[in-house]
Amino acid sequence: MALEDICSFKDTPVYHKWSSSLEDTFHMTDYYSFGSRRLKNCKTTGEVPLQLFLPTLPNSASINHRPPFPAKHSVTVRRPFPLSHGTTTLGFIFQGGVIAAADTRASAGGLVACPAVHKVTPIHSHLVVTSSGSGADCMLWERILTREIRLYQLRHKRRLSIRGTAKLLSFMLHPFKGTDVCVALTLCGWDKSGPQVIYVCSDGARLQGDVISVGSGSPYAYGVLDIGLRGSLSKDEAISLAREAVFRATHRDAYSGNSVDLFHITAHGWKQREREDLKEEYYRDMERRAKIVEERKRLTEPKVPT
């Protein structure tokens, strides 16, 4: 005690090491960055590599009658009412490259939160990502993915492949399995292996295929794509098919609607088409139906002999 008085240890702030049950989720850059750096091994007690030291006042414990950090760090805030998310996104491969399309409605239950959001986001010159789930979560992870891809390119002087990008994203999302994080991203791009369409969701799952549709309107979009999709489609036919698939989904699904964003990805990079209001597609569909009805009437009418 005398040594403490001489050295003035009582006047120095006391530091506490912060540990949390989500230690695997606070060191993204160290854990998931590619390069020469390696993850610093943690102790078996499960401490966080990223340490946070906070000073406390000498008499803070006696004033508050409790430790600076409570035993339970995570606090779950319940929403006053449940929110249902919905969307329609799709991506498919054809002979002319990859088509990525999505609607532009952000919904929160029965509320249209925003009619003009961007659900197709470019990551680099040959890769775009369609997003579905929670809007805030999707925006955050798209930015994280863009950062990691850029860091990889700066370190290795080349772009990460689409499969490697999907694997990286899956590793980053897997620690959040079982939490409220809601992210479903479809990677549509072109690399040395050719066109790629890979789906990654917030539990770390990865699925690769020639056609992938995600969201509450995906069953309706799949119905159109299964009928009209074939490898020999031309560019205009593929664009028309994607636009019609999104239109059919928004016509039946209340959580999807407003406009459609469409990207075409080839070996030369992605190209975005101008955003188109789905009302125009609705009117075009009504004209096509009217023409079909008129043609049927003309064919079924009895011919009057002259």
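Residues numbered from 1 in each chain as written. Predicted model: local features only at pLDDT ≥ 70, side-chain atom pairs only at ≥ 80, totals over all residues. Heavy atoms only, no water.

Describing the nonpolar core
Counting 22 residues, the largest nonpolar core has W141, L145, L169, M172, L185, L187 and V200 as its most contacted members. Looking at this core, the elements with two or more residues in it are β8 (127-133), α4 (135-156), α5 (162-173), β9 (183-191) and β10 (194-201). In terms of nonpolar packing, the next biggest core, distinct from the first, is built from 20 residues, F92, V224, A242 and F247 among them. (Core = buried A, V, L, I, M, F, W, Y, C linked by side-chain atoms within 4.5 Å. Buried < 20%, exposed > 50% of the residue type's maximum accessible area, 1.4 Å probe, protein only. Helix = DSSP H or I, 4+ residues; strand = E, 2+ residues; numbered from the N terminus.)

Digging into the side chain of D103
Mapped onto the fold, D103 is located in strand β4 (residues 97-103). Look at D103 and you get buried, because its relative accessible area is 0%. A distance of 3.0 Å separates a polar atom in the side chain of D103 from a polar atom in the side chain of T87. Polar side-chain contacts of D103 include one of 3.0 Å to the backbone nitrogen of T88. Once residues within four sequence positions are removed from consideration, D103 is found in contact with T87, T88, K119, V246, T250, Y255, S256, G257, S259 and V260. (Polar contact = N/O pair within 3.5 Å; in protein donor to acceptor, adjacent residues only side chain to side chain. Contact = heavy atoms within 4.5 Å.)

Some details on a nonpolar patch on the surface
A contiguous nonpolar patch, built from Y282, Y283 and M286 and spanning about 310 Å² of accessible area, is present on the exposed surface. Along the chain, the position of Y283 falls in helix α8 (residues 278-300). Overall, Y283 belongs to the exposed group, its relative accessible area being 51%. (Patch = residues over 30% accessible without salt bridge, like charges linked within 9 Å, V, L, I, M, F, W, Y side chains within 5 Å. Areas by Shrake-Rupley, 256 points an atom, 1.4 Å probe, with all protein chains shown as cover. Salt bridge = Lys/Arg side-chain N within 4 Å of Asp/Glu carboxyl O.)

Focus: the packing of helix α7 (residues 235-252) against α8
The interhelical angle for the contact between α7 and α8, taken along N-to-C directions, is 95°, at an axis separation of 10 Å. Comparing the axis directions of α7 and α8 gives the class roughly perpendicular. Contact with α7, carried on its side by R243, E244, F247, R248, T250 and H251, involves L278, E281, Y282, R284, D285, R288 and R289 of α8 and no other residues of that element. Among the residues making up the contact of α7 with α8, the classes are represented as three nonpolar, two polar and eight charged. (Axes fitted to C-alpha atoms, helices over the stretch in contact; angles between N-to-C directions. Parallel < 35°, antiparallel > 145°, perpendicular 65-115°, else oblique. Nonpolar A, V, L, I, M, F, W, Y, C, P; charged D, E, K, R; others polar.)

With respect to unusual backbone geometry
Note: most peptide bonds trans; most residues except glycine with negative phi. Look at K157: it is not a glycine, yet its phi comes out positive at around 60°. Relative to the elements of secondary structure, K157 occurs in the loop between α4 and α5.

So, the state of the cysteines
The final tally for this structure, using the stated rule, is zero disulfides. With no disulfide of its own, C201 lies closest to C182 among cysteine sulfurs, the gap being 9.4 Å. By relative accessible area, C201 is classed as buried at 11%. (Disulfide = S-S within 2.5 Å.)

Comments concerning the confidence of the model for the chain
The share of residues in the chain with pLDDT of 70 or more is 71%, and the mean pLDDT across the chain is 78. The low-confidence segment residues 9-74, where pLDDT is below 50, has 71 contacts with residues more than four positions distant or belonging to other chains. (pLDDT = per-residue confidence, 0-100.)

What about the packing of α4 against α5?
Between α4 and α5, the least distance of the axes is 11 Å, while the angle of their chain directions is 130°. Overall, the two elements α4 and α5 adopt an arrangement that is oblique. As for how α4 packs across α5, the hand of that crossing is right-handed. Note on element contacts: α5 touches α4 through T165, L168, L169, M172 and L173, opposite W141, I144, L145, E148 and I149. A breakdown of the residues in the contact of α4 with α5 according to their chemical character gives eight nonpolar, one polar and one charged. (Left-handed = near helix turned anticlockwise from the far one by under 90°.)

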